[in-house]
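For reference, the chains in residue letters:
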Amino acid sequence: MTDTEQTPVQGQVADAVPQNWVDRFAPDWSRPYLRLSRADRPIGTWLLLLPCWWGVLLAATADAPRLFDLWIMAGCAIGAFLMRGAGCTWNDITDRDIDAQVARTRSRPIPSGQVSVKGALLWMIVQALISFGILLTFNLAAIALGILALLPVAIYPFAKRFTWWPQVFLGLAFNWGALLAWTAHTGRLSLAPVMLYLAGIAWTLFYDTIYAHQDKEDDALIGVKSTARLFGDNSILWLRSFLISAVVLMAIAMIVALVPNANVLSLTLALAGVWAFGWHMVWQLRRLDIDDAQNCLRLFRSNRDAGLIPVLFLAIAALL
């Protein structure tokens, strides 16, 4: 037994990453708020950030890379951390009664009494305001898209109460960065980022259905809806369809964006990234056991690596 297992950190959340920096290094007073923002579970920040990087790198490959693109990528990284934190805070405020009834979530800061609702609201506002300051460094079209993104973020926590497809609302919110980052580079929207956005939504349906299988028994007891409960034993078939949709839509985005510049090597590299992205999802499906919560969590977290694959290929393609 390790020392961590013998003396668990006070207030640690049940599904936190082992030996995470919040529980090891953050000041005691800050830990409940950082846990509220899921800073001890960074996968959500990655899943919010990666579509942003897809968008700006695809725009740079289609057009020409600019020095400002480095700030777009950095600004999106900071903004993803903050807005994911603000969104999770809002989610925990609205779900505090539900979280108290689910084994995996009852240790979260609000249901466990580490943070009051008023304190959580103030923390959410602080994170959102800092994010807005970063957004103001982009062009007006991107600023408008950033403000509009608040709508799906606000709706998502309530979706599982009225639809079996709350993962669609998560996809609408989490992949908005593909539109925003493309627009931050180009100043306008077009078909390519819309296809990339739709690909991201299909990807979200894939990974978040896997994630939702962890809670399906508790969700059934308290009446919370999810695609995991909806699909049941047919989940693999549905996941395969989301995989195919994500790959096809992303390939269309690459073709629409890159064919006009007639750079065959850049297009080939971009499509190779899509192919490798798809194979990572195939690898996940082959190892998935929907009745093993730890298996579901591990595969869900592996989607950081899946999403980084197109980033790598597009970054190389943009430099050609």
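Provided above is the structure to which this section pertains.
Residues numbered from 1 in each chain as written. Predicted model: local features only at pLDDT ≥ 70, side-chain atom pairs only at ≥ 80, totals over all residues. Heavy atoms only, no water.

Colleague: Please give an account of the packing of aromatic side chains that cites residues and values.
Modeller: Counted under the stated rule, the structure contains 18 aromatic pairs. Taking 4.4 Å as the distance between ring centres and 5° as the angle between the ring planes, the aromatic pair formed by Phe231 and Trp238 counts as stacked. On the basis of an interplanar angle of 45° and a centroid distance of 6.1 Å, the ring pair of Trp238 and Phe242 is categorised as tilted. Residue Trp238 and its partner Phe242 are both found in helix H15 (residues 235-258); the two are separated by four residues, about one turn of the helix. The exposure class of Trp238 is partly exposed, given its relative accessible area of 36%. In this structure Phe242 comes out as buried when scored by relative accessible area, which is 7%. (Phe/Tyr/Trp six-rings, centres within 6.5 Å; stacked < 30°, edge-to-face > 60°. Helix = DSSP H or I, 4+ residues; strand = E, 2+ residues; numbered from the N terminus. Buried < 20%, exposed > 50% of the residue type's maximum accessible area, 1.4 Å probe, protein only.)

Colleague: Give a description of the side chain of Arg41 that names residues and reports values.
Modeller: In this structure, Arg41 sits in the loop between helix H3 (31-36) and helix H4 (43-62). Here Arg41 falls in the buried class, since its relative accessible area comes to 5%. In this structure Arg41 touches Val13, Asp15, Ala16, Val17, Arg35, Arg84 and Arg108, once residues within four positions along its chain are discounted. (Contact = heavy atoms within 4.5 Å.)

Colleague: Give a description of the pattern of salt bridges that names residues and reports values.
Modeller: Counted according to the given criterion, the structure contains ten salt bridges. A salt bridge links Asp92 to Arg38, with the nearest nitrogen and oxygen atoms 2.8 Å apart. Residue Asp92 is located in helix H5 (residues 68-94), and its partner Arg38 is located in the loop between H3 and H4; the two are separated by 54 residues in the primary sequence. Under the relative-accessibility criterion, Arg38 is labelled buried at 6%. Arg66 is the salt-bridge partner of Asp63, the closest N and O atoms lying 2.6 Å from each other. A residue is classified by how much of its surface remains accessible, and Asp63, at 44% relative accessible area, is partly exposed. Overlapping salt bridges, with partners in common, bring together Arg38, Asp92 and Arg108 in one network. (Salt bridge = Lys/Arg side-chain N within 4 Å of Asp/Glu carboxyl O.)

Colleague: Describe in detail the side chain of Ser226, supporting the description with residues and values.
Modeller: Topologically, Ser226 is positioned in the loop between helix H13 (216-222) and helix H14 (227-231). Overall, Ser226 belongs to the buried group, its relative accessible area being 3%. Residues in contact with Ser226, not counting those within four places in the same chain, are Trp164, Pro166, Gln167, Ala212 and Asp219.

Colleague: Kindly report on helix H11 (residues 176-186), identifying the contributing residues and their values.
Modeller: By the criterion of burial, H11 is predominantly enclosed, with ten of the eleven residues buried. Where H11 is concerned, the buried positions are Trp176, Gly177, Ala178, Leu179, Leu180, Ala181, Trp182, Thr183, Ala184 and His185. Once H11 finishes, Gly187 follows within two positions and takes phi at roughly 85°, a positive value.

Colleague: Break down the packing of H4 against H11 for me, citing the residues and quoting the values.
Modeller: Where H4 meets H11, the closest approach of the two axes is 7 Å, and the angle between their N-to-C directions is 35°. Pair H4 / H11 crosses with right-handed handedness. Every residue of H11 that contacts H4 at Pro51, Cys52, Gly55, Val56, Leu58, Ala59 and Ala60 is listed here: Gly177, Ala178, Ala181, Trp182, His185 and Thr186. Taken together, the residues of the contact of H4 with H11 sort by class into nine nonpolar, four polar and no charged. (Axes fitted to C-alpha atoms, helices over the stretch in contact; angles between N-to-C directions. Left-handed = near helix turned anticlockwise from the far one by under 90°. Nonpolar A, V, L, I, M, F, W, Y, C, P; charged D, E, K, R; others polar.)

Colleague: I'd like a rundown of a nonpolar patch on the surface, residues and numbers included.
Modeller: Together, Leu191, Val194, Leu198, Ile244, Val248, Ile252 and Val256 make up a nonpolar patch on the protein surface, roughly 510 Å² of accessible area in all. Within the residue set of the nonpolar patch, elements represented by two or more residues are helix H12 (191-212) and H15. Along the chain, the position of Ile244 falls in helix H15. By relative accessible area, Ile244 is classed as partly exposed at 46%. (Patch = residues over 30% accessible without salt bridge, like charges linked within 9 Å, V, L, I, M, F, W, Y side chains within 5 Å. Areas by Shrake-Rupley, 256 points an atom, 1.4 Å probe, with all protein chains shown as cover.)

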